[in-house]
Amino acid sequence: MIQHKLPNSRMLSLAALLLCPPLAAPAQGALARHYQPGEQVAYTMHGTNQGHTSTFDYQAHAQATVQKTASGSFTEVFTWSDFKVGGQLFPLSPESLQFHEPLSLAPDQSVTVPDLSKVQPILIGPTTDLLTFYADVQLAMRQKGLVHAGDHVFFAHGVPN
C-alpha cells in the first residue's frame, strides 16, 4: 500500500490544467507511476479551512484501489472516510460515503473534476485538494527537464506555461 500525507494545497494548477489542452504522453522519468491492478493507495489529508467568519482544522482519509479501465489504462478510484473536524469525527452522508473520485497518473490519462453535486460541502475541499495534487504531478510529469530527482524547471514570468 502506498500511503502519503498531503499538506493543504491550492487550486491554481488545477485551473491551469483544465484550461490547457491534453499534452503528449511524457517519457518515463523520475515521476513515472507504475501501476499494479488491485494495488491499494491511501492518503491522510490534514487541512485548515479559513472562511470569512470561521476557521477549522480537518483530517480526512482517502483510499483507492487501482483498476484497469476498458481502454487498458489504469486509474485509482478513491473513496473518503474518517473525516474529522477539530479532532472530532464528522459523520459523512451515505452519498458522500458512496462518492468515487477516479484519479490517475498514467501518461494517457488526464485529471477531470468529478461531479461534486452529491457530496457534503465540507468534503469538497479535501476532494479538490487531492485532485490538485494529481494535477500538479501530471503537469510535472510532462516537463521534459524533470527526469531525475533534484531536477528543476524554470517558467519565465508572463509567458504561458
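Rules behind the numbers
Residues numbered from 1 in each chain as written. Predicted model: local features only at pLDDT ≥ 70, side-chain atom pairs only at ≥ 80, totals over all residues. Heavy atoms only, no water. Helix = DSSP H or I, 4+ residues; strand = E, 2+ residues; numbered from the N terminus. Contact = heavy atoms within 4.5 Å. Buried < 20%, exposed > 50% of the residue type's maximum accessible area, 1.4 Å probe, protein only. Polar contact = N/O pair within 3.5 Å; in protein donor to acceptor, adjacent residues only side chain to side chain. Pairing = 2+ DSSP bridges. Phe/Tyr/Trp six-rings, centres within 6.5 Å; stacked < 30°, edge-to-face > 60°. pLDDT = per-residue confidence, 0-100. Core = buried A, V, L, I, M, F, W, Y, C linked by side-chain atoms within 4.5 Å.

Structural notes on the environment of Ile-124
Okay, step 1: One can find Ile-124 in helix H3 (residues 121-141).
Okay, step 2: In this structure, the C-alpha to C-alpha distance between Ile-124 and Ser-96, residues 28 residues apart in sequence, is 9.9 Å.
Okay, step 3: If near-sequence neighbours (up to four positions away) are discounted, Ile-124 is found in contact with Leu-116 and Val-119.

A few points about the side chain of Asp-129
Okay, step 1: Within the fold, Asp-129 resides in helix H3.
Okay, step 2: Residue classification places Asp-129 among the buried residues on the basis of a relative accessible area of 7%.
Okay, step 3: Side chain to side chain, Asp-129 and Tyr-58 meet in a polar contact 3.2 Å long.

A few points about the pairing of strand S4 (residues 74-85)
Okay, step 1: Inspection of the sheet shows strand S3 (residues 55-68) paired to S4 by 10 bridges, in the antiparallel sense. Of the residues in S4, the one forming a bridge with Ala-64 is Phe-78.
Okay, step 2: Adjacent in sequence and paired antiparallel, S3 and S4 are bridged by 5 residues, among which Gly-72 carries a positive phi angle near 95 degrees.
Okay, step 3: Here 3 bridges tie S4 to strand S6 (residues 101-103), and the two strands are oriented antiparallel to one another.

A closer look at the pairing of strand S2 (residues 40-50)
Okay, step 1: Looking at chain direction, S2 and S3 are connected through 11 bridges and run antiparallel. If you follow Ala-42 over to S3, its bridge partner there is Gln-63.

Concerning the packing of aromatic side chains
Okay, step 1: Under the defined criterion, the tally for this structure stands at 8 aromatic pairs.
Okay, step 2: Consider the rings of Tyr-43 and Tyr-134, whose centres lie 6.2 Å apart with planes at 85 degrees: the pair is edge-to-face. Highlighted residues: Tyr-43 in strand S2 and Tyr-134 in helix H3, separated in sequence by 91 residues.
Okay, step 3: With a centroid separation of 6.0 Å and 75 degrees between ring planes, the pair formed by Phe-78 and Tyr-134 is classed as edge-to-face. Taken together, the positions of Phe-78 in strand S4 and Tyr-134 in helix H3 put the pair 56 residues apart, joining distant regions of the chain.
Okay, step 4: Chaining the aromatic ring pairs together yields one cluster made of Tyr-43, Phe-78, Phe-133 and Tyr-134.

Details of the environment of Gln-63
Okay, step 1: By secondary structure assignment, the location of Gln-63 is in strand S3.
Okay, step 2: The partly exposed category is assigned to Gln-63, whose relative accessible area is 26%.
Okay, step 3: Among the polar contacts made by the side chain of Gln-63, one reaches the side chain of Gln-40 at a distance of 2.9 Å.
Okay, step 4: A distance of 3.4 Å separates the side chain of Gln-63 from the side chain of His-61, its partner in a polar contact.

Side note on the confidence of the model for the protein
Okay, step 1: Considering every residue of the protein, the mean pLDDT works out to 80; 79% of them sit at 70 or more.
Okay, step 2: When mean pLDDT is taken per element in the protein, strand S5 (residues 88-89) scores highest with 96 and helix H1 (residues 12-19) scores lowest with 36.

Notes on the nonpolar core
Okay, step 1: In this structure, Val-41, Phe-78, Trp-80, Leu-103, Leu-130 and Tyr-134 are the most contacted members of the largest nonpolar core, which totals 27 residues.
Okay, step 2: Mapped by element, the contributors of at least two residues to this core are S2, S3, S4 and H3.
Okay, step 3: A per-element tally of this core places H3 first, with 6 residues.

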